[in-house]
Amino acid sequence: MARRFVLQPRAPAPPAALQIDYAEALDPQQHAAATAPGGATLIVAGAGTGKTRTLTYRVAYLVETGVKPEQIALLTFTRRAAREMIERAGALLDGRCERVRGGTFHAFCLETLRVHAEAIGYPRRFGVLDAADAADVVDLARTRMGLHTLPTRFPKKRTLLAMFSAATNRGIALDDVLTEDYPQYAGHLDLLLDLQRAYAETKRQTGVVDYDDLLALTLRLLTESDDARRAVAGRCRHVLVDEYQDVNALQADLVEQLQSAHGNLTAVGDDAQSIYGFRGADVGHILDFGKRYNGARVLKLEHNYRSTQPILDFANHVLAGAREKYDKRLFTDREGGDRPALVQAPDDDWESRFVAQVVLDKREGGVALDRQAVLFRSGWCSYALEAELTWRGVPFVKYGGLKLAEAAHVKDVVAHLRVAENPADAVAWNRVLRLVEGVGPQTAARLLDWISTATGGAADAGGPQTGGAAVHALRSADDIVPSPAVARNVARLVEALTPLRDGSPPRPGGDALAPEAQVERVLAYYRPVFERVYADDWPQREADLDAVAALAAQHRSRTALLESLALDPLDWSQEAAEGALKDEAPLVLSTIHSAKGLEFDTVFLLHALDGVLPSQYAVRDQDGEDEERRLLYVALTRAETELYCSYPLAQYRRGTGQFLTEPSRFLSGVPEALLEPWSLVEDAAPPEAADAPALPESPPPALPGRGG
DNA sequence: TTTCTACCCATTTTT
DNA sequence: TGGGTAGAAA
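Going by the annotation in an unreviewed UniProt entry, the name recorded for chain A is DNA 3'-5' helicase, with Rubrivirga litoralis given as the source organism.

(A) Summary view of the overall build of chain A. Per the secondary structure count, chain A includes 28 helices and 19 strands. Split into buried and exposed, the 708 residues of chain A put 56% on the buried side. Long-range pairs, those at least 24 residues apart, make up 78% of the contacts in chain A between residues at least 6 apart in sequence. Approximately 30700 Å² of chain A is accessible, and the part contributed by carbon and sulfur atoms is 51%.

(B) View of the sheet that holds strand E14 (residues 587-591). The sheet built from 7 strands is open, its strands ordered E13-E14-E12-E15-E16-E11-E19 with parallel pairing. Two strands lie at the open edges of the sheet, namely strand E13 (396-399) and strand E19 (676-679), each paired on one side alone. Neighbour-to-neighbour, the strand axes of the sheet open up by a mean angle of 20 degrees, direction not taken into account. Here strand E12 (residues 372-376) pairs with E14 via 4 bridges, running parallel. The partner of Ala373 across the bridge, within E14, is Val588.

(C) Seen up close, empty space enclosed by the protein. Per the counting criterion, the structure on display carries 5 cavities of 30 Å³ or more. Its boundaries defined by the atoms lining it, the largest cavity holds a volume of some 220 Å³. Looking at the largest cavity, it is lined by 16 residues, and the ones nearest its centre are Thr78, Ala81, Glu243, Lys596 and Gly597. Taken together, the elements giving at least two residues each to the lining of the largest cavity come down to helix H3 (51-64), helix H4 (79-92) and helix H27 (592-595). Counting residues per element, the lining of the largest cavity draws most heavily on H4, which supplies 4 residues. Of the residues in the lining of the largest cavity, the class split is 5 nonpolar, 5 polar and 6 charged.

(D) A look at the sheet that holds strand E2 (residues 72-76). Reading across from one edge, E3-E2-E6-E7-E1-E8 is the order of the 6 strands in this open sheet, with parallel pairing throughout. Since the sheet does not close on itself, it has two edges, and those belong to strand E3 (101-104) and strand E8 (297-301), each with one partner. The mean angle between the axes of side-by-side strands here comes to 15 degrees, regardless of whether they run parallel or antiparallel. For strand E6 (residues 238-241) and strand E7 (residues 265-269), the ladder comprises 3 bridges, and the chain directions are parallel. Residue Leu240 lies in a different strand from E7, and its bridge partner there is Thr266. The sheet contacts of H3 involve strand E1 (40-45), E2, E6, E7 and E8, and relative to E6 the element is tilted by about 170 degrees.

(E) How the structure looks around the environment of Ala517. Note that Ala517 resides in helix H23 (residues 515-533). Owing to a relative accessible area of 25%, Ala517 belongs among the partly exposed residues under this scheme.

(F) Representation of the UniProt feature "binding site: ATP" (unreviewed entry) in chain A. The sites that UniProt annotates as "binding site: ATP" (unreviewed entry) are Ala45, Gly46, Ala47, Gly48, Thr49, Gly50, Lys51 and Thr52. Checking the annotated residues one by one, the ones that line the largest cavity turn out to be Lys51 and Thr52. Mapping Lys51 onto the fold places it in helix H3. With residues near it in sequence (within four places) discarded, Lys51 still touches Ala45, Asp242, Glu243, Val268 and Leu301. Here Thr52 shows up in helix H3. Once residues within four sequence positions are removed from consideration, Thr52 is found in contact with Met85, Arg88 and Gly597.

(G) Inspection of the confidence of the model for chain A at higher detail. Confidence in the prediction of chain A, expressed as mean pLDDT, is 85, and 87% of residues score 70 or more. Counting interchain partners and residues more than four positions distant, the pLDDT-below-50 stretch residues 458-464 has 11 contacts. Low pLDDT (under 50) marks residues 502-508, which in the prediction has 6 contacts with non-local residues, meaning those over four places away or in another chain.

(H) Here's a closer look at unusual backbone geometry. Following Leu613, the chain continues into Pro614 via a peptide bond in cis, with omega recorded as 5 degrees. Structurally, the position occupied by Pro614 is in the loop between strand E15 (600-605) and helix H28 (622-636). The phi angle at Glu243 is positive, at roughly 55 degrees, despite the residue not being glycine. For Glu243, a relative accessible area of 7% puts it in the buried group. Here the phi dihedral of His607 falls at roughly 55 degrees; this positive angle occurs in a residue that is not glycine. Structurally, His607 is set in the loop between E15 and H28.

(I) Examining the packing of H3 against H4 more closely. Following both chains from N to C, one finds H3 and H4 inclined at 55 degrees, their axes separated by 9 Å at the closest point. What the angle tells us is that H3 and H4 run oblique. For the element pair H3 and H4, the recorded crossing hand is right-handed. On H4, the residues touching Thr52, Arg53, Leu55, Thr56, Tyr57, Val59 and Ala60 of H3 are Met85, Arg88, Ala89 and Leu92. Class assignment of the residues belonging to the contact of H3 with H4 gives a composition of 7 nonpolar, 2 polar and 2 charged.

(J) Main features of the pattern of salt bridges. For the structure on display, the rule yields 46 salt bridges. Among the salt bridges present, the one from Arg170 reaches Glu180, with a minimum N-O distance of 2.6 Å. Highlighted residues: Arg170 in helix H7 (residues 157-170) and Glu180 in helix H8 (residues 174-181), separated in sequence by 10 residues. Salt-bridge contacts for Asp288 lead to Lys291; the nearest nitrogen and oxygen are separated by 3.6 Å. Here the salt bridges do not stand alone but share partners, grouping Lys51, Asp242, Glu243, Asp246 and Lys596 into one network.

(K) Inspection of the pairing of E7 at higher detail. Within E7, 5 of the 5 residues are buried, which leaves the element mostly enclosed by the surrounding structure. Side chains Leu265, Ala267 and Gly269 project from E7 onto one buried face, and the interleaved Thr266 and Val268 project onto a second face that is buried too. Relative to E7, E1 runs parallel, the two sharing 5 bridges. Following the sheet pairing, Val44 is matched in E7 by Gly269. In this fold, E6 hands off to helix H12 (residues 249-258), which returns the chain to E7; that crossover is right-handed.

The rules behind these values
Residues numbered from 1 in each chain as written. Chains lettered and ligands numbered in written order. Predicted model: local features only at pLDDT ≥ 70, side-chain atom pairs only at ≥ 80, totals over all residues. Heavy atoms only, no water. Helix = DSSP H or I, 4+ residues; strand = E, 2+ residues; numbered from the N terminus. Buried < 20%, exposed > 50% of the residue type's maximum accessible area, 1.4 Å probe, protein only. Contact = heavy atoms within 4.5 Å. Areas by Shrake-Rupley, 256 points an atom, 1.4 Å probe, with all protein chains shown as cover. Pairing = 2+ DSSP bridges. Axes fitted to C-alpha atoms, helices over the stretch in contact; angles between N-to-C directions. 1 Å grid on protein atoms, 1.4 Å probe; cavity = no way out; pocket = protein on both sides within 12 Å on 5 of 7 lines; lining within 4 Å. Points joined across faces, edges and corners; volume = space filled by probe spheres on them. Nonpolar A, V, L, I, M, F, W, Y, C, P; charged D, E, K, R; others polar. UniProt positions renumbered as here; feature names shortened; annotations may be inferred. pLDDT = per-residue confidence, 0-100. Parallel < 35°, antiparallel > 145°, perpendicular 65-115°, else oblique. Left-handed = near helix turned anticlockwise from the far one by under 90°. Salt bridge = Lys/Arg side-chain N within 4 Å of Asp/Glu carboxyl O. Right-handed = clockwise from strand over helix to strand, strands pointing away.

Next up, the structure:
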């Protein structure tokens, strides 16, 4: 490794002038962390120890002591976390904090590549693929290689993408990924290596990058181009990283590059909350922080301010079962409080009614809806509850689970925008063409060839002329399509796309039409197609199209709209919540993953069933089971005052005809001193009089066969 | 060549 | 449940 000359920050202005009394606002450990001098600092922060608060104060402190906000990079895993911290820092200090450069790793990388990509031979204009798009590109590459007809037992496109992604994110060879995780496909190694190359080449030709490329290309840029590194890392006088336990090899290297100019790095994390192993995260990076950054300061936050002692006792008990023992014991001043409840329900309908009723009771008791959260392992776990809440008129938002942008009909609309944005985008073209009546795989492939010949096949050319060429090519494609009727259909498509590209843009790089007007044009064309393609259920899907139009209105350009759809996809019911009356902050429904870093007065954990949490797909090895256990730990430690873990006695797994009936292995056998067993009973009153189950005052006798 | 229908299969978490 | 496929009908 080259020698580094590390610049120390200039001595800050005398602290007498500070607006915020940091020693007063923070405890000694937090204070030391928030006001740490430059250099590398790792803050090991247990759940609920004020990690976000500390990082927020650190932002304010840095700004207040003279660091320009633009020179602070705050990297997080979700956009929500970054936004929240910057807002809170702004509230603490002043508007200067709003100028801090905060966002996800991926968003930061995208921003960097938009400016500097040419330094590594990439165009600055490129599209960003979400996971489904990327899988389609893999498919395209596979077809082009002639691999579409293959011996059986070849991985599916999503599996292929997962393999390539694992190799990239963990910084290892495909060979090793196969050996470790996909031994059944090890025999296909040569074929898979070819396909990996073909996938990379296809992305390049069609001017698109996937999520991993955003990280990998930025890392390459910073490593290979001294100019770019000076420009990018030079602007990062302080680098702050949240949730460092969840960085993967690529992200850890990126962080190292970003801090290289100034050496000021603050990383915050908790090894006990590492829950992104499936995405290549490796706790080793936080454990070896001191090795990578010689002489790094390691500070600890151990005082839990969030949860009552009974909640903490239970969470600690769960974590203690992990194979790897974490040398950390949280303590709290919050004595008293109820033991967490383990609620057994006959089925998920009962479970939903129970949760809905307790939520409403607590609201009566003064706990606002948005101070309560319902958490679960996977998006589908809350379906029954969502129906119940809707029926009762309880407003809620759901984080995690399916995204709006993942719905087929939304992808259709977006594909039309994408071909206008990037005429070389073969996957988007394919989608658009296949929607034309009478165009199937064969015709679409021929039209695609025709288009790419006309545009020179190079994304690098870019620009409106190329787009004009693509549409022009379609205009003269009558010989390619099977019949005049299909030609007319293609002509309608051409007509719809033309205004998206035609007309000289008012300014370089600008769009001729505002994004919402573009979406309107697309919708005008797409609506009949939509009703034909989704003949069975289009009325239920229709609202999503309006949501896309609404989203478009919030963006300055089509480019920004497409980026936002790829990097910050709207959760399903956020959209519904936008439409609803905003007279009351809604109840929070969230996957555990999406709830990381948040806290609530009352937390409900749904579907605490073996096979769901831990997921039956994750328990194949000990590492997988440990990660599920940490996931449960994350869920439990979101709660401040009350915690309810519930499970239905039987849960039907669709497809397999299999029933899950065991409570989570992490919850069975927990001593009653830690966890109070509950069972539900129906109120004697008829449903019309009391349309919800009554709750027992104290633990009633458990239903036969289980419980306490 | 496209489109429809019947059938089989796996089924998570996120950028 | 829905996504992918194979075979048949148009």
